[in-house]
Amino acid sequence: MWSQEVLALSRRWLLMVLRERLNLLFSVLQPAVWLVFFAGAMGGAVDARIVGTGDYVAFAVPGVIAFTVVGNGVSAAMPLLFDKETGYLDKLLSMPVRRGSLIVSRFVFQVGMNSAQVLLILLVALALGVRPATGVLGVLAILAVTGLLTLALTAAAMALACAVPSHGTFFAVTGFASLPLLFMSNAFVPLSAMPGWMAVVARLNPLTYAIDAMRLLVLRGWGGGVPVSLGALSLASGLLLALGWWQFARRTSERVA
Amino acid sequence: MGLIIETAGLGRAFGGAIAVDALTLAVSPGEIFGLLGPNGAGKTTTIRMLSTLLPPTTGTARVCGHDVARRAGEVRRHIGYVPQQVSSMGHYMLTGREKAEIEAALYHVPRRRVQARVSELLELVQLSACADRLVQTYSGGMQKRLDLACGLLHRPDLLILDEPTLGLDVQSRHHMWDHIRSLRDEGMTVLLATNYMDEADRLCDRLVIIDHGREVAGGSPAALKAAMGVSSLDEVFLRHTGHALREEVG
């Protein structure tokens, strides 16, 4: 029963995405543009001693993955946002559907989409000469990290979608928050190269731990840093999941017309 | 079965504002029961409480024998709610058949029966020929018929229709009325919220008129008209609720 609900809702999410081909195409191409044009150009301007590698593209791959997951996190909440505004959420809530299925199906779908996109980014990176130090197992570990980060960001976006009065506020907040979230992390610059205060802020940012883990897997290998970063990321995901669940429960138990 | 809808002193307040006040309804199996009232009278709030979307603040409501607040899950299994807004927005990229199949799964129609059940209902509302077209290409009447079909997927005991013919042309309205009547003839109980007095007059076995959250009149359309010695339900409605314009709230 539970799987029937999650499958049916995931089918709805998938059909909605597949029918908008151009939208899909551009979202898929976006990270490649970052790798080729941004990382490719920045590489020449970056000091190898500061980033710890002469291959800036390899350094930037985890940053581009994180950026992609952030962007997709925003679109993760779109159906909830619009179902809320069109009244279809009411129809869904009048059905004998477990409230959890509405969220879980979104997680399943987002993790699937993001995994496909991460594999594509790694393929583009491969074409640019980036070989992950940890090989195929490392790629699986990167997918696991991306999965955790997807859970965290999807939960945060769904919580925001529940809390805002309309999609205007949602896009104003996410539009404002996306770039600082990215730049206040180690996505494109190592923490050691940041002003002290910024490094402190970046250490509070869950993205930093996801990127840290992926960067170690791409550049160095399996080391002590990977589990530490994964632990911090899991903690952040857990907190954001709790926040998302609380907001969703609040919104669905009593919706004021 | 006993009463399909049974409320006692049902009320809902939003902060200090009382939207529905001590409403007592009794709807029997197999009847079309109308819920009438000016905008802001409490129709939507009542429907939201009966379809488990909003918990009551006072009184109780039982739908198909289950309390809407304490046994919401059971109530949801027995009702088919067809909202006022056509659901094309969330589904404009889906075909009519896909939308119905997805909702059938959400109503827990057994997997192997989903396709047959969906085809059967699309046939019933005369959408078979357009079943594989995107919902966004449907006319308003087709979208309403699709929504009606989707409310019937799990063979509910109670169908809750919120303004089922809002914005439809004359042909589509007559078709919709025929559908609703034939459902009643097969034993379905229907709760119908409408602003159209001609619709209520043609369809409803009994109805209540509510205003400011309270029942101001109730009975069969014929009895209500006879009691006032008037020929139209419009007249009955206006005498009970006045001519002043209402602000839309709740």
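Higher on the page you've got the structure.
Note that the coordinates shown come from a computational prediction; the quantities given were computed from them, not determined experimentally. (Residues numbered from 1 in each chain as written. Chains lettered and ligands numbered in written order. Predicted model: local features only at pLDDT ≥ 70, side-chain atom pairs only at ≥ 80, totals over all residues. Heavy atoms only, no water.)

Asker: Help me understand the interface of chain B and chain A in this model?
Answerer: Residue-level contacts link 38 residues of chain B with 34 residues of chain A. In total, about 3100 Å² of surface goes out of reach between chain B and chain A, with carbon and sulfur atoms giving 59% of it. Applying the counting criterion to the chain B and chain A interface returns 3 salt bridges. Close ionic contact of A:Asp90 with B:Arg48 constitutes a salt bridge, the shortest N to O distance being 2.9 Å. If you look at where chain B meets chain A, you find 10 residue pairs in polar contact (both at pLDDT 80 or more). Elements supplying a minimum of two residues to the side of chain B that touches chain A: strand E1 (5-14), helix H2 (72-78), strand E7 (79-82), helix H3 (88-91), helix H4 (96-106) and helix H6 (140-151) of chain B. In terms of residue count, H4(B) provides more of the side of chain B that touches chain A than any other element does, 7 residues in total. By residue class, the composition of the side of chain B that touches chain A is 19 nonpolar, 10 polar and 9 charged. (Contact = heavy atoms within 4.5 Å. Buried area = accessible area lost by both parts, 1.4 Å probe. Salt bridge = Lys/Arg side-chain N within 4 Å of Asp/Glu carboxyl O. Polar contact = N/O pair within 3.5 Å; in protein donor to acceptor, adjacent residues only side chain to side chain. Helix = DSSP H or I, 4+ residues; strand = E, 2+ residues; numbered from the N terminus. Nonpolar A, V, L, I, M, F, W, Y, C, P; charged D, E, K, R; others polar.)

Asker: Sorry, what's going on with the pairing of strand E5 (residues 58-63) of chain B here?
Answerer: Consecutive side chains along a regular strand alternate between the two faces of the sheet. Residues and elements named next belong to chain B. Bridge count between E1 and E5: 5 bridges; the pairing is antiparallel. The residue of E5 that forms the bridge with alanine 8 is threonine 60. Strand direction decides the pairing type here: E5 and strand E6 (residues 66-67), joined by 2 bridges, are antiparallel. From the neighbouring strand, valine 63 faces E6, where its bridge partner is histidine 66. Here E5 folds back onto E6, and the loop between the two strands holds 2 residues, one of which, cysteine 64, carries a positive phi near 55°. (Pairing = 2+ DSSP bridges.)

Asker: Any chance you could explain the packing of aromatic side chains here in plain terms?
Answerer: Given two aromatic rings, their pairing is described by the distance between the two centres and the angle made by the two planes. Within this structure, the stated rule accounts for 6 aromatic pairs over all chains. Centre to centre, the rings of A:Trp34 and A:Phe188 are 5.6 Å apart; their planes meet at 10°, and the pair counts as stacked. Of this pair, A:Trp34 sits in helix H2 (residues 21-42) while A:Phe188 is found in the loop between helix H9 (167-183) and helix H10 (196-203), placing the two residues 154 residues apart along the sequence. With respect to class, A:Trp34 is no different from A:Phe188; both count as buried. Each ring, one from A:Phe38 and one from A:Phe188, has its centre 4.9 Å from the other, and the planes form 70°; the classification is edge-to-face. With a gap of 150 residues between them, A:Phe38 in helix H2 and A:Phe188 in the loop between H9 and H10 connect regions that are remote in the sequence. Judged by relative accessible area, A:Phe38 falls into the partly exposed class, the value being 26%. Its relative accessible area of 8% is what places A:Phe188 among the buried residues. Members of the aromatic cluster, joined through ring pairs, are A:Trp34, A:Phe38, A:Phe67 and A:Phe188. Across from the ring centre of B:Tyr196, 4.3 Å away, lies the NZ or CZ of B:Arg173, which sits over that ring. (Phe/Tyr/Trp six-rings, centres within 6.5 Å; stacked < 30°, edge-to-face > 60°. Buried < 20%, exposed > 50% of the residue type's maximum accessible area, 1.4 Å probe, protein only. Lys NZ or Arg CZ within 6 Å of the ring centre and 35° of its normal.)

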